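Coordinate analysis (summary)
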Amino acid sequence: MESGSDADALRDAERARDAWAQAVVLPRGHDVAIGGAVAVQVATTVIGLTVDAPWALWALAGGLVLFGVVAAIQLWRFTRLNGVRVGGFASRVVFGTAATASLAEGVSLVAGYAAAVRELWWLVALISVAGGVAYVVSGRRWLHAYRQEPARFGAGESALWLALAVGLAVAGLVLLVLQR
Amino acid sequence: MTDLDPHLQAPARLKLVTMLTAVSEAEFAVLRDRLEVSDSVLSKHLAALGEAGYVRVRKGVHLGRRTTWVSLTTTGRTAVGDHVAVLRALIADVP
């Protein structure tokens, strides 16, 4: 190819890629679903760690299961809607490996725990919702960044990395429950 | 300077692999529609890129029907990056 046609071919290819990334959308109701699941998961985890009753542990487990189910449904809907799988969506948006999402969940768990110890349950609810909202905002930020630079932000963490992170989080939670 | 990759020199093939850099995996039909080519043309490109080890093609199920998923391999992703870098250098050298 000559340089003129090289430039045209490259420009055409990158335009096609960028237009494709622009066309990627989140499923309808995604924000409410994932934000709600995170809020419930934070609240039930705090309850499980602070309330000394068998039902509290069931609540904790229920919150985790609910998040897992919602995450799986969102991944399925995203793929069905767009006809593509995007690693960055799975890890950064759904499983919250983006710095903002991880920080939001961590801070809301610690703050929620502190509020629950003081029996400020209205504050636990408020903190849980705030955690869910921050998680959603983080996901929206990823989508914006992905649409600007799809090749850079499309890739997410590997399935092995995600499995390890989830395994460590669950193990940490089990240890916390055993230490109650 | 490294040479241009002969597997990626055709504009349609460059477009195909560049689009695949944006996703982990794409459904064959979605890719075909986006590229505005026929099934046979896309299959031909995928076969050539598959032989070079640049793409992976697997059968799956989508919306309850059998479908084909296409993704770039690690080798393919590296090859696209190198090819684009050489292209940019060539373009920049033109007065």
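Model, not experiment: these values are computed from the prediction.

Right, let's talk about the overall build of chain A for a bit. When helices and strands are counted, chain A shows eight helices and one strand. The order of α-helices and β-strands along chain A, N terminus first, is α-α-α-β-α-α-α-α-α. Within chain A, buried positions represent 40% of all 180 residues. Long-range pairs, those at least 24 residues apart, make up 72% of the contacts in chain A with a sequence separation of at least 6.

Once that is clear, we can look at the overall build of chain B. The helix and strand inventory of chain B stands at four helices and three strands. Starting at the N terminus, the α and β elements of chain B follow one another as α-β-α-α-β-β-α. For the C-alpha atoms alone, the extent of chain B along its principal axes is close to 55 × 25 × 20 Å. Taking all 95 residues of chain B together, 34% fall into the buried category. Contacts in chain B between residues far apart in sequence, at least 24 positions, make up 58% of those at least 6 positions apart.

Turning to the nonpolar core, a few remarks are in order. Judged by nonpolar contacts, the single largest core of 68 residues is most densely connected at Val17(B), Leu20(B) and Val70(B). In terms of residue count, helix 2 (residues 30-50) of chain A provides more of this core than any other element does, 10 residues in total. In contact with Val17(B), not counting residues within four places along its chain, are Leu8(B), Leu49(B), Tyr54(B), Leu72(B), Gly76(B) and Val80(B).

A few words on the packing of helix 4 (residues 87-94) of chain A against helix 6 (residues 121-148) of chain A. Residue and element names in this part refer to chain A. The N-to-C vectors of helix 4 and helix 6 enclose an angle of 155 degrees; their axes lie 9 Å apart at closest approach. By the angle between their axes, helix 4 is roughly antiparallel relative to helix 6. Considering how the two elements wind past one another, helix 4 and helix 6 form a crossing that is right-handed. On the side of helix 4, the interface is formed by Gly88, Arg92 and Val93, while helix 6 contributes Gly139, Trp142 and Tyr146. Its residues assigned to classes, the contact of helix 4 with helix 6 shows three nonpolar, two polar and one charged.

With phi around 60 degrees, Glu119(A) is a residue other than glycine that occupies positive phi space. Inspection of the secondary structure puts Glu119(A) in the loop between helix 5 (99-117) and helix 6.

What follows concerns the packing of helix 3 (residues 54-82) of chain A against helix 4 of chain A. Residue and element names in this part refer to chain A. With their axes 11 Å apart at the nearest point, helix 3 and helix 4 run at an angle of 150 degrees to one another. In this view, helix 3 runs roughly antiparallel relative to helix 4, as classed from their interaxial angle. Remark: the crossing between helix 3 and helix 4 carries right-handed chirality. The residues of helix 4 that touch helix 3, namely those facing Ala71, Gln74, Leu75 and Phe78, are Phe89, Ala90 and Val94. Partitioning the contact of helix 3 with helix 4 into residue classes produces six nonpolar, one polar and no charged.

Bringing the environment of Trp121(A) into the picture now. Residues and elements named next belong to chain A. Tracing the backbone through its elements, the reader meets Trp121 in helix 6. Assessed through the 14 C-beta atoms surrounding it within 10 Å, Trp121 is described here as partly exposed. The spacing of Trp121 and Ala61 is 60 residues in sequence and 19 Å in space, taken between C-alpha atoms.

Right, let's get into the confidence of the model for chain B. Taken residue by residue, chain B gives an average pLDDT of 91. The fraction at 70 or more is 96%. Predicted as a complex, the structure gets a pTM of 0.87 and an ipTM equal to 0.89.

Across the contact, 21 residues belong to chain B and 22 residues belong to chain A. At the level of elements, helix 1 (11-20), strand 1 (25-27), helix 2 (28-35) and helix 4 (74-93) of chain B are the ones that each hand at least two residues to the side of chain B that touches chain A. Ranked by residue count, the leading element in the side of chain B that touches chain A is helix 1 of chain B, at five residues. Looking at side-chain class alone, the side of chain B that touches chain A contains 13 nonpolar, four polar and four charged residues. Here two bridges tie strand 1 (residues 84-85) of chain A to strand 1 of chain B, and the two strands are oriented antiparallel to one another. Residue pairing in the sheet places Arg85(A) in a bridge with Glu25(B) of strand 1 of chain B.

Rules used in this analysis
Residues numbered from 1 in each chain as written. Chains lettered and ligands numbered in written order. Predicted model: local features only at pLDDT ≥ 70, side-chain atom pairs only at ≥ 80, totals over all residues. Helix = DSSP H or I, 4+ residues; strand = E, 2+ residues; numbered from the N terminus. Buried ≥ 20, exposed ≤ 12 C-beta atoms within 10 Å, placed from the backbone. Contact = placed C-beta atoms within 7 Å. Core = buried A, V, L, I, M, F, W, Y, C linked by C-beta atoms within 7 Å. Axes fitted to C-alpha atoms, helices over the stretch in contact; angles between N-to-C directions. Parallel < 35°, antiparallel > 145°, perpendicular 65-115°, else oblique. Left-handed = near helix turned anticlockwise from the far one by under 90°. Nonpolar A, V, L, I, M, F, W, Y, C, P; charged D, E, K, R; others polar. pLDDT = per-residue confidence, 0-100. Pairing = 2+ DSSP bridges.

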